[in-house]
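Listed below are the residues making up each chain.
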Amino acid sequence: MRKGFNDSFHYQDPQYTVYKGKDYKDVYFNNYPSRRSASFMLYPEGKYQKLYLQVAATGSDIDEFIIEDSDKDVILKSTQVSISDGMKTIEVDIAGSKELYVHAEDVQEGGGVFIPLTTSYYK
């Protein structure tokens, strides 16, 4: 999943890649210091059936975490991610999807979205 991933919140620095004592080495971590949405694109190119995305909320719960097929403008999965969930694995059927828009809506100030790219994958 790391191949082709490019975002301003992409980190490989251990200062940002450690969650609950485990270093995930390569992560998306949006901890921008304000209330905002957090988003990025994935490009499975229709080659896979499933997406297994690991996500953790830091600082505050994420009330709305969405994975959307951006070509078809269809929400494939919408869920909450709570701090108490720890590292949550979200399984999504993505058969036929070429582009996925992954976004957390209304992330609170002091909150963050932590996604390890080393343990999230397509199948």
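Provided above is the structure to which this section pertains.
Let us look at the structure shown here. (Residues numbered from 1 in each chain as written. Predicted model: local features only at pLDDT ≥ 70, side-chain atom pairs only at ≥ 80, totals over all residues. Heavy atoms only, no water.)

### Overview of the pattern of salt bridges
- This model, assessed by the stated rule, comprises six salt bridges.
- The residue Lys25 makes a salt bridge to Asp23 at a minimum N-O spacing of 3.7 Å.
- Via salt bridges that share partners, Lys50, Glu91 and Asp93 belong to a single interconnected network. (Salt bridge = Lys/Arg side-chain N within 4 Å of Asp/Glu carboxyl O.)

### A closer look at the packing of aromatic side chains
- Inspection of the entire model under this criterion finds eight aromatic pairs.
- Taking 6.3 Å as the distance between ring centres and 75° as the angle between the ring planes, the aromatic pair formed by Phe9 and Tyr28 counts as edge-to-face. Taken together, the residues Phe9 in the segment before β1 (10–11) and Tyr28 in strand β4 (residues 27–30) connect sequence positions 19 residues apart.
- The class for Tyr28 is buried, based on a relative accessible area of 1%.
- Both rings, one in Phe29 and one in Phe114, keep their centres 5.5 Å apart while their planes meet at 65°; by these two values the pair is edge-to-face. Note that Phe29 is positioned in strand β4 and Phe114 in strand β11 (residues 112–116), a separation of 85 residues in sequence. As far as burial versus exposure is concerned, Phe29 and Phe114 are alike and both buried. (Phe/Tyr/Trp six-rings, centres within 6.5 Å; stacked < 30°, edge-to-face > 60°. Helix = DSSP H or I, 4+ residues; strand = E, 2+ residues; numbered from the N terminus. Buried < 20%, exposed > 50% of the residue type's maximum accessible area, 1.4 Å probe, protein only.)

### Observations concerning the sheet that holds strand β7 (residues 62–69)
- An order of β5-β10-β7-β8 is seen for the four strands of this open sheet, with the pairing classed as antiparallel. Because the sheet does not close on itself, it has two edges, and the strands there are β5 (36–42) and β8 (74–81). Between one strand and the next, the sheet's axes are offset by a mean angle of 15°, whatever the strand orientation.
- Sheet analysis places β5 next to strand β10 (residues 100–107), joined by six bridges and oriented antiparallel. Looking at the pairing, Arg36 lines up with Val107 of β10. (Pairing = 2+ DSSP bridges. Axes fitted to C-alpha atoms, helices over the stretch in contact; angles between N-to-C directions.)

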